[in-house]
Amino acid sequence: MRIRRLLISFLLLASCSGEKALKEEPKQQAKRETIEVVFEKVPEFVEATGYVQPDKEGTVKITSRLAGVVQSIKVQVGDAVKRGQVLATVKAPDTTDLYSQKLSLSAQLVQAERLYRLKKELYEVGAISKSELMDAETNYKIIKAQLEGIQKKLELLGGSLGTITITSPVDGVVYQISAHVGDAVDQSTEILSIADPKKVMVVALLPDKDALRVKREDRAEFFISTYPEKRFSGTIKYVSDVVDPDTRTVKVFIEPFEKEPFKINMFFNIKIITGQETYAVVPKSAILYQDGKFYVYVLKDDKPVKEEVNFIKELEDGRVALFGLEKGQKVLLNPIREVSP
């Protein structure tokens, strides 16, 4: 009798549990989270790396005013320099010749001045003619003018005995040093260059396969780890026609809208916006990746149905752009949690 009562109690408990499970099943389904598919215009872009370089208009090439040999370089790349600051010295034989001429003319001028004064005294007492006095005066003035010309030339060259001092013509930053101590240089040889840090361009190194997608006036965005919260932007000004044979990249020149706090040779990650397309957009949690394919669960007659989609790209706000869905469809928000394998 006791066994019979225990059996009845077990059956009643099982029956109650079954009813409770049936009641909880729709309740569990009611907790299922879904989201409606929306369509949005999604920017198309290509990515590249790049750096800051001075604009051509903001760069001054420094050369020697006479042929010679670089004797010293007083600055390094990145140094800030002021107008008139000494950048380098060049040993120039021509300045030795000029200096020799200066010494010779200085001696001649002393002699010519003495002769002129003597002739003037003799003329005043009637010992010589006026023409002799004028000849002496003319000779004195010619030698004086020649000496002044040599002195002026030495000053312009910044030279002393055998040496030219090269100074900066502008305020700026040393961008590049092209010569070394001991190199032979002349008036056409670039020794170094000075850049204006306020006149810069951003140069993107774009893979050649993406170059045809970029055109003038496209918008670009730059990112750098130094300023993680800051987004810089600019406009494409020129796309090079030359592909670097080693890196297979094309240079794309971008004019930034703001040029602070850019520094020359600063490195950037760059996005160039090439257009926009309309795609279905859902949260990232709504997609599954299995066996190399992407899927979502679409509700059809209140039942989740697994459908394959084409993944386009991940957006910056945590959503993804897809192809293969229809506007208004509802998909499971967390299929990996809500759908049994």
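Everything numeric in this text was worked out from a predicted model, so none of it was measured.

Undergrad: What am I meant to see in the pairing of strand 11 (residues 190-195) here?
TA: The side chains of a regular strand alternate, residue by residue, between the two faces of the sheet. The buried count for strand 11 comes to five of six residues, which makes it a mostly enclosed element. Pairing analysis gives five bridges linking strand 3 (residues 59-63) to strand 11, with the strands arranged antiparallel. Note on strand 11: the bridge partner recorded for Lys61 is Ser193. With four bridges connecting them, strand 9 (residues 172-177) and strand 11 associate as antiparallel partners. The partner of Gln176 across the bridge, within strand 11, is Ser193.

Undergrad: How should the sheet that holds strand 11 be read in this particular structure?
TA: Sheets are built from strands that pair by backbone hydrogen bonding, the pairs being arranged parallel or antiparallel. Strand order across the open sheet formed by four strands is 3-11-9-5, with antiparallel pairing between neighbours. Looking along the sheet, the strands with just one partner apiece sit at the ends: strand 3 and strand 5 (80-81). Sheet topology note: the strand 5/strand 9 ladder contains two bridges and is antiparallel. Paired with Val81 across the strands is Gly172, a residue of strand 9.

Undergrad: Looking at this structure, I do not really get the pairing of strand 19 (residues 303-314). What am I missing?
TA: Taken together, the seven bridges between strand 18 (residues 293-300) and strand 19 define a ladder with antiparallel strand orientation. In the sheet register, Phe294 faces strand 19, and the bridge partner there is Val309. Counting the residues that bridge the hairpin from strand 18 to strand 19 gives two residues, and of these Asp301 lies at a positive phi of roughly 55°. Both strand 19 and strand 20 (residues 319-323) contribute to a ladder of four bridges, which runs antiparallel. Along strand 20, the bridge assignment pairs Phe311 with Leu322. Between strand 19 and strand 20, which pair antiparallel in sequence order, lie four residues; one of them, Gly318, sits at a positive phi of approximately 90°.

Here is what the cut-offs are and how they apply
- Residues numbered from 1 in each chain as written.
- Predicted model: local features only at pLDDT ≥ 70, side-chain atom pairs only at ≥ 80, totals over all residues.
- Heavy atoms only, no water.
- Buried < 20%, exposed > 50% of the residue type's maximum accessible area, 1.4 Å probe, protein only.
- Helix = DSSP H or I, 4+ residues; strand = E, 2+ residues; numbered from the N terminus.
- Pairing = 2+ DSSP bridges.

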